[in-house]
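If you want the building blocks of each chain, they are given just below.
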Amino acid sequence: MLSWANFGSQLFNGLALGALLALIASGLTIIYGTLGVLNLAHGAMFMLGGYAGYVAWQASGSFLAAVAAGTLALGVLGIVMERLIVRYFYARPHEDQLLVTFGLSIVFVEAVRWYFSSDSKTVQAPALFQGITNMGFMFYPTYRLAVVGICAVALLVLFLVLYRTRLGMIVRAGIEDAVMVDSLGINVDRVFMVVFGIGAMAAGFAGIINAPIVSLAPEVGEQILVQTFVVVVIGGVGSFPGAVIGGLIAGEIISLTSMVNPGYAYVMLFAAMALVLMVRPHGLLGKPGRE
Amino acid sequence: MKQHGRYRFSPVRRELVRAGFGLAGGLILPAGLAARAFGAEHPPIGTWPAGVQGKEVFIGVAVPRTGTYAEQGEDELKGWQLAVEHLNSGHELMRKISPKTKKGVQGKQLKLVVADSAAKPNDAVQAEQRFITENKVILMTGSTSSAVAVAMNKLAQREKVLYTAGISGSNDTTGKDCVRYGFRQNFYGETAANAIGPVLLKAYGKNKKMAFMTPDYTYGHTVTKSTSEYLKEHGGWEMVTNQVSPLGATDYSSYLTNIANSGAEILLNVNWGRDAVLSTQQAKQFGVIPKMKLVIPYQIPFLAKNIGAELSQGVYAATDFWWTLEDKYPLAKMFVDAFREKHGYYPEWGAENAYMSFAMWADAVEHAGSFYPPDVIKSYEEGRKLQSMVGEVYVRKEDHQLVRPVVIVRGKAPKAMRNKEDFWEVTEVVPGAPLMQKPDAFGCHLGEYT
């Protein structure tokens, strides 16, 4: 399949894949960077966002309502999770944090399976974005094209929040040194809650945006979580721009490898991660000392 | 030292005691029970005789209830449940397939113990190992993935407990990974290819360019190999691309991009379960379908329901069973009616395979007159002609594969459907024997009985 036409197509497809990965990874990396908690429930929350949107879509028939529901429901869930459970684990060892978030992910997945069954559910893309677009060098599903734009806007919003607001400044300061921020008289506790909520919202938003592409099943979060980790590790833990770059790199690796041998697409992704870890142990844009 | 001495003498003493009891037993036992006492001549093997001493015998089922193949796994499970119910009550349909069946099997009631395998070999083997230890299961089944079936074959041979495969499409299950203790009812890559091949050549002509989507494990590789080889050899079709993806993949965009740029005219989708649903839906999103003709070389239960008749219309598929065969075969009608009454929908081929595989086992046990595994295996290997939902069938003794027809179906247009589950019309029922490779062609060596 080595042809210029296919190369161009795959290059573009890699961008589209990468945009979505970047969005999911940014939620994970912000939470980890600020709170120091590696949230293993992030994949399950991505899945929950999809289902919350599905319920709203079933009830209203509106995709916009679905996106709003998926995002807000997960924002609320994130805050509740943080207040009731996660905050008691900030001071505890990483193993405990991993176990509790992993446990939560099992609860989420099984709850969804219990209520919705294992059968997959479909959310239709909005009528505006249905069909195929002729891009000249290739045909591409219109909705996937839209997703690239939607992800870009969402990432821009996240960027503005993180880099152009007071909250963002505190969050970024928290990533560098939470103790110092706390001693400057800022209510870190409150900030942490908001950050967890934002991370959860990013996961929920990505979940419902992704739903029309792959349809929903209780397990959709598991696979995406693994890829998201790879993205975060490549980009640098805690780095928002790192998540974006890592996402795009991962998307391109998957797409371009598949051109040569599709069986090796994911092998190459992990090989790339190993390579980054060897050359830059903190990831491309990560800094030593960040936890 | 003292203890050591005691052990040294104990075997002799045990022999004496056993001989004494044996003599006494022989004198006391009435003639009717003598036959059963003869069974004790065999040394214990696997879960026998421990597993058949109570009023009930257990069958271990490891079937995917979560993950990519969950929907198909549930359908299979319903087939096994119906079979157990029919065996325990001596239902008429069961007696048509297994004429010696009365109530239960050898007078014992059957009980299923079920675990979720998530279509993972490791999970399936662990669950069945537990059933062997805890329930002394006398038969194992399950698989909606040939990776599981192959692993279960090995477990069955090692533990000397019979295994009858669930859905398993790989050539290897009764090919290079066949075992003495494993049996398969359903069609597989090679018979699917040889059945659907001529149909495709007739429908689409010679010298076409074909693209494959293949799940990356034994089922996918063997089905793609058999199908592409047939079409190349007999019709000069050229495989322009083969997109191999991991089981459980969700995003097929990069594979479909390659296919879109490959110049193929026919897309043969070997993906299965939810993977098949997602890859087919995404193929439509990418405009690959309807630009290319879709072919399903190995049918997926509920595919049409999930992708919709708009997408499945005109699609050729090879399968084990489709419910409209009830018009042609009385047993199919009985099965479909009984299944619908119990479960409320038309059974897919996973349920049919499940039901039939238990009926075959019951027939083998009843003819052997005992649960003793080597005798049951030999009974299977007699190759008796059995009635089935697709006519007469028999087990091939060299590789334990059922010789059975392959059913070719074509997707109906939405407006041609008589009810909402009337997705396919049966175009052909291709006799099984000529579809099969020579028994040793795929490297089958069955192994030992004991």
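As the structure is a computational prediction, the values presented were derived from the model and not from experiment.

Explain the overall build of chain B to me, please; I cannot follow it from the model alone.
The helix and strand tally for chain B stands at 16 helices and 15 strands. Rg of the C-alpha trace for chain B: 24 Å, near the compact-globule value of 22 Å for 450 residues, within the 12% margin. Over its C-alpha atoms, taken along the principal directions, chain B stretches across nearly 80 × 50 × 35 Å. The burial tally for chain B puts 57% of its 450 residues in the buried class.

Quick question: what am I supposed to make of the overall build of chain A here?
Counting secondary structure elements, chain A contains 10 helices and two strands. Start at the N end of chain A and walk to the C end: the helices and strands fall as α-α-α-α-β-β-α-α-α-α-α-α. Taken over the C-alpha trace, chain A has a radius of gyration of 19 Å; the compact-globule value for 291 residues is 19 Å, and the two agree within 12%. The proportion of buried residues among the 291 residues of chain A is 54%. For chain A, the proportion of contacts with a sequence separation of at least 24, taken over those separated by at least 6, is 76%.

What is the right way to look at the sheet that holds strand S11 (residues 386–388) of chain B in this model?
Through backbone hydrogen bonds, the strands of a sheet pair up, either in parallel or in antiparallel fashion. All names here are of chain B. Strand order in this open sheet of three strands is S11-S12-S13, and the pairing throughout is antiparallel. Here the strands that pair on one side only, and so sit at the sheet edges, are S11 and strand S13 (401–403). This sheet shows a mean twist of 45° between the axes of neighbouring strands, independent of strand direction. Looking at chain direction, S11 and strand S12 (residues 391–396) are connected through three bridges and run antiparallel. Looking at S12, one finds that serine 388 is bridged to glycine 391.

How should the interface of chain B and chain A be read in this particular structure?
Interfaces are frequently sized by the accessible area removed from exposure as the parts join. Facing the 28 residues of chain B at the interface are 33 residues of chain A. Elements represented by at least two residues in the side of chain B that touches chain A include exactly helix H3 (70–89), strand S7 (238–245), helix H9 (253–260) and helix H10 (273–285) of chain B. At six residues, H9(B) tops the list of elements feeding residues into the side of chain B that touches chain A. Looking at the side of chain B that touches chain A residue by residue, the classes come out as eight nonpolar, 15 polar and five charged.

Looking at this structure, how should I read helix H10 (residues 265–279) of chain A?
Count 3.6 residues to each turn of an α-helix, and residues three or four apart come out pointing the same way. Over its 15 residues, H10(A) extends 21 Å from the first C-alpha to the last, a length consistent with the 21 Å expected when each residue adds 1.5 Å. By the burial criterion, the buried members of H10(A) are A:Ala265, A:Tyr266, A:Leu269, A:Met273 and A:Val276. End-on view of H10(A): buried residues confined to an arc of 100°, all on one side of the axis. Along H10(A), the residues that are exposed and aim more than 90 degrees away from the buried face are A:Val267, A:Ala274, A:Leu275, A:Met278 and A:Val279. Looking at the buried positions of H10(A), the neighbouring elements they touch are helix H8 (220–235) and helix H9 (240–260) of chain A together with H9 of chain B.

So what exactly am I meant to see when it comes to the nonpolar core here?
The nonpolar side chains of a soluble globular protein tend to be buried with one another. In this structure, A:Ala22, A:Leu23, A:Ile24, A:Leu48, B:Ala192, B:Leu267 and B:Phe358 are the most contacted members of the largest nonpolar core, which totals 235 residues. Two domains each donate at least three residues to this core, and these are domain 1 (50–187 + 325–404) and domain 2 (190–319) of chain B. Sequence-distant contacts of B:Ala192, defined by excluding residues within four places in its chain, comprise B:Phe187, B:Val223, B:Pro297, B:Tyr298, B:Ala318 and B:Val406.

Where do I start with the sheet that holds strand S15 (residues 424–430) of chain B in this structure?
All names here are of chain B. Here we have seven strands laid out as an open sheet, ordered S7-S6-S8-S9-S10-S14-S15, and mixed in their pairing. Edge positions in the sheet fall to S7 and S15, since each has one partner strand and no second. Along the sheet, successive strands turn relative to each other by an average axial angle of 20°, direction set aside. As judged from the two bridges shared by strand S9 (residues 293–296) and strand S10 (residues 316–319), these two strands associate in the parallel manner. Considered in S10, the bridge of valine 295 is made with tyrosine 316. Along the sheet, helix H8 (residues 218–235) contacts strand S6 (209–215), S7 and strand S8 (266–269); its crossing angle with S6, the most-contacted strand, is approximately 165°.

So what exactly am I meant to see when it comes to the pairing of S6(B) here?
Along a regular strand, successive side chains alternate from one face of the sheet to the other. All names here are of chain B. Burial within S6 is extensive, with six of its seven residues counted as buried. Looking at chain direction, S6 and S7 are connected through seven bridges and run parallel. In the sheet register, methionine 210 faces S7, and the bridge partner there is methionine 239. Chirality of the crossover, the property in question, places the unit of S6, H8 and S7 among those that are right-handed. Examined bridge by bridge, S6 and S8 share four bridges and lie parallel to one another.

Before we go on, may I ask you to explain the environment of B:Gly205 in this structure?
All names here are of chain B. With respect to the helices, strands and loops of the structure, glycine 205 is situated in the loop between helix H7 (189–204) and S6. For glycine 205, a count of 12 C-beta atoms within 10 Å gives the class exposed. Remark: the alpha-carbon pair of glycine 205 and leucine 162, spanning 43 residues in sequence, is separated by 44 Å.

It is not clear to me how the pairing of strand S14 (residues 406–411) of chain B should be interpreted in this structure. Could you clarify?
Residue and element names in this part refer to chain B. With five of six residues buried, S14 lies mostly within the body of the structure. Note that S10 and S14 share four bridges and pair antiparallel. Note on S14: the bridge partner recorded for alanine 318 is isoleucine 408. Pairing between S14 and S15: six bridges, direction antiparallel. In the sheet register, valine 406 faces S15, and the bridge partner there is valine 430.

What is the right way to read the domain arrangement of chain B from this model?
Residues and elements named next belong to chain B. Its domain assignment divides chain B into domain 1 (50–187 + 325–404) and domain 2 (190–319). Each of domain 1 and domain 2 has a C-alpha centre, and these two points are 29 Å apart. Domain 1 puts 18 residues into the contact, and the matching count from domain 2 is 22 residues. For the side of domain 1 that touches domain 2, the secondary structure elements donating two or more residues are H3, helix H6 (146–159) and helix H15 (349–368). Its residues assigned to classes, the side of domain 1 that touches domain 2 shows five nonpolar, nine polar and four charged.

I'm lost on unusual backbone geometry in this one. Help?
In most cases, non-glycine residues show a negative phi, while peptide bonds are predominantly trans. Residues and elements named next belong to chain B. Geometrically, the link from tryptophan 48 to proline 49 is a cis peptide bond, its omega value of 5° lying close to zero. Along the chain, the position of proline 49 falls in the loop between helix H2 (31–39) and strand S1 (56–63). Looking along the chain, the bond that leaves isoleucine 289 and enters proline 290 is cis, with omega of 10°. Mapped onto the elements, proline 290 comes out in helix H11 (residues 288–291). Look at glutamine 106: it is not a glycine, yet its phi comes out positive at around 50°. Relative to the helices and strands, glutamine 106 resides in the loop between helix H4 (92–97) and strand S2 (109–116). For glutamine 106, a count of 17 C-beta atoms within 10 Å translates into the label partly exposed. The phi dihedral of alanine 118 falls on the positive side, at around 50°, and the residue is not glycine. A residue is classified by how many C-beta atoms lie within 10 Å of it, and alanine 118, with 23 of them, is buried.

What counts, and at which threshold
Residues numbered from 1 in each chain as written. Chains lettered and ligands numbered in written order. Predicted model: local features only at pLDDT ≥ 70, side-chain atom pairs only at ≥ 80, totals over all residues. Helix = DSSP H or I, 4+ residues; strand = E, 2+ residues; numbered from the N terminus. Rg over C-alpha atoms; globule rule 2.2 N^0.38 Å. Buried ≥ 20, exposed ≤ 12 C-beta atoms within 10 Å, placed from the backbone. Contact = placed C-beta atoms within 7 Å. Pairing = 2+ DSSP bridges. Axes fitted to C-alpha atoms, helices over the stretch in contact; angles between N-to-C directions. Nonpolar A, V, L, I, M, F, W, Y, C, P; charged D, E, K, R; others polar. Expected span 1.5 Å × (residues − 1). Arc of directions from axis to C-beta. Core = buried A, V, L, I, M, F, W, Y, C linked by C-beta atoms within 7 Å. Domains from an automatic or database assignment. Right-handed = clockwise from strand over helix to strand, strands pointing away.

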